[in-house]
Amino acid sequence: AKILVIDILIRVMIKKNFWNFLFIFLIFVADRLTKLFVINSVEKFGQTSIYQSSFLDINLIWNSGIAFGLFSFDDKIYYNLMTAMIVVIILIILWFITKTKNTEKIAFMMVFGGALGNIFDRLYYTSVPDFIDIHVGDLHWFIFNVADIFISLGIILLICLEFYLKKKYD
């Protein structure tokens, strides 16, 4: 009887949140497909540089740190602690998704979908494949991936909402 109740609750939750799950899933899939394409291309051609233009290079690097290579550690204890902290943060973001509405919910779902893509890589590969390298001449930005794009867009949207809501209530 206990399993039946849990099964019914899960089905209701999935039905009620189908579009939310689909949105998060599509972000995760877009991230996975682009990473797999780049990883497979590197393996096939035997070079980490796949594409180069005057403003965009596709270069595979493996990032064992967090955002933009920060906090990269060779020591497994620090890596595992960082991974555990990221999992806790992802669970907190999931909680925020359940407690928010509208545009704020979409922003948290973008962060969550991207974070799922990157945590998958940390657990599967023990580092995250980054490959998008935007530059102007010799000035390079950080190398990132599709998950990072969604995480960044979600955070930017949350910041904009905070400023908008703060002005609205001031």
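Note that this is a predicted model, so its numbers are computed, not measured.

## Looking at the pairing of strand S2 (residues 56–63)
One face of the sheet, then the other: side chains in a regular strand alternate in exactly this way. Both strand S1 (residues 49–52) and S2 contribute to a ladder of three bridges, which runs antiparallel. By the bridge assignment for S2, Ser 49 is matched with Asn 59. Between S1 and S2, which pair antiparallel in sequence order, lie three residues. Sheet analysis places S2 next to strand S3 (residues 128–136), joined by six bridges and oriented antiparallel. What sits directly across from Trp 62, in S3, is Pro 129.

## Structural notes on the nonpolar core
Counting 15 residues, the largest nonpolar core has Ile 24, Ile 86, Ile 90, Ile 93, Ile 97, Phe 108 and Phe 112 as its most contacted members. At the level of elements, helix H3 (76–99), helix H4 (102–124) and helix H5 (146–169) are the ones that each hand at least two residues to this core. Among all residues touching Ile 90, those that are not within four sequence positions of it are Phe 112, Ala 115, Leu 116 and Ile 119. Residues Ile 39, Leu 60, Phe 144 and Val 146 belong to the second largest nonpolar core, which totals nine residues.

## As for unusual backbone geometry
Positive phi outside glycine occurs at Asn 102, with the angle close to 55 degrees. When you line up the elements, Asn 102 lands in helix H4. A positive phi angle, close to 65 degrees, is found at Thr 126, a residue other than glycine. Residue placement: Thr 126 occurs in the loop between H4 and S3.

## Observations regarding the side chain of Thr 83
Inspection of the secondary structure puts Thr 83 in helix H3. A polar atom in the side chain of Thr 83 sits 3.0 Å from the side chain of Arg 122. Every residue in contact with Thr 83, bar those within four places of it in the chain, is listed here: Ile 119, Arg 122 and Leu 123.

## Observations concerning the environment of Asp 57
With respect to the helices and strands, Asp 57 occurs in strand S2. Judged by relative accessible area, which is 8%, Asp 57 ranks as buried. Put simply, Asp 57 and Phe 131 are 74 residues apart on the chain and 7.9 Å apart in space, counted from C-alpha to C-alpha. With residues near it in sequence (within four places) discarded, Asp 57 still touches Tyr 51, Gln 52, Phe 131, Ile 132, Asp 133, His 135 and His 140. From its side chain, Asp 57 meets the backbone nitrogen of Ser 53 in a polar contact 3.4 Å long. A polar atom in the side chain of Asp 57 sits 3.2 Å from the side chain of His 135.

## Brief notes about helix H2 (residues 18–45)
Helix length check: H2, at 28 residues, gives a terminal C-alpha distance of 40 Å against a target of 40 Å (1.5 Å per residue), a fit within 8%. For H2, the complete set of buried residues consists of Ile 24, Ile 27, Asp 31, Arg 32, Lys 35, Val 38, Ile 39, Ser 41 and Val 42.

## Concerning the sheet that holds S3
An order of S1-S2-S3-S4 is seen for the four strands of this open sheet, with the pairing classed as antiparallel. Bordering the open sheet on either side are S1 and strand S4 (139–140), each of which pairs with just one other strand. Where S3 and S4 come together, two bridges link them in antiparallel fashion. Of the residues in S4, the one forming a bridge with Val 136 is Leu 139.

## So, the pattern of salt bridges
The final tally for this structure, using the stated rule, is three salt bridges. A salt bridge links Lys 35 to Asp 31, with the shortest nitrogen-to-oxygen separation between them at 2.8 Å. Of this pair, Lys 35 and Asp 31 both sit in helix H2, four residues apart, which is roughly one turn of the helix. Take Lys 35 and Asp 31: they sit in the same class, and that class is buried. The residue Asp 121 makes a salt bridge to Lys 35 at a minimum N-O spacing of 2.3 Å. With Asp 121 in helix H4 and Lys 35 in helix H2, the pair connects residues that are 86 residues apart, well separated along the chain. Taken as a pair, Asp 121 and Lys 35 share a single burial class, namely buried. Among the charged side chains, a salt-bridge network with shared partners connects Asp 31, Arg 32, Lys 35 and Asp 121.

The rules we used
Residues numbered from 1 in each chain as written. Predicted model: local features only at pLDDT ≥ 70, side-chain atom pairs only at ≥ 80, totals over all residues. Heavy atoms only, no water. Pairing = 2+ DSSP bridges. Helix = DSSP H or I, 4+ residues; strand = E, 2+ residues; numbered from the N terminus. Core = buried A, V, L, I, M, F, W, Y, C linked by side-chain atoms within 4.5 Å. Buried < 20%, exposed > 50% of the residue type's maximum accessible area, 1.4 Å probe, protein only. Contact = heavy atoms within 4.5 Å. Polar contact = N/O pair within 3.5 Å; in protein donor to acceptor, adjacent residues only side chain to side chain. Expected span 1.5 Å × (residues − 1). Salt bridge = Lys/Arg side-chain N within 4 Å of Asp/Glu carboxyl O.

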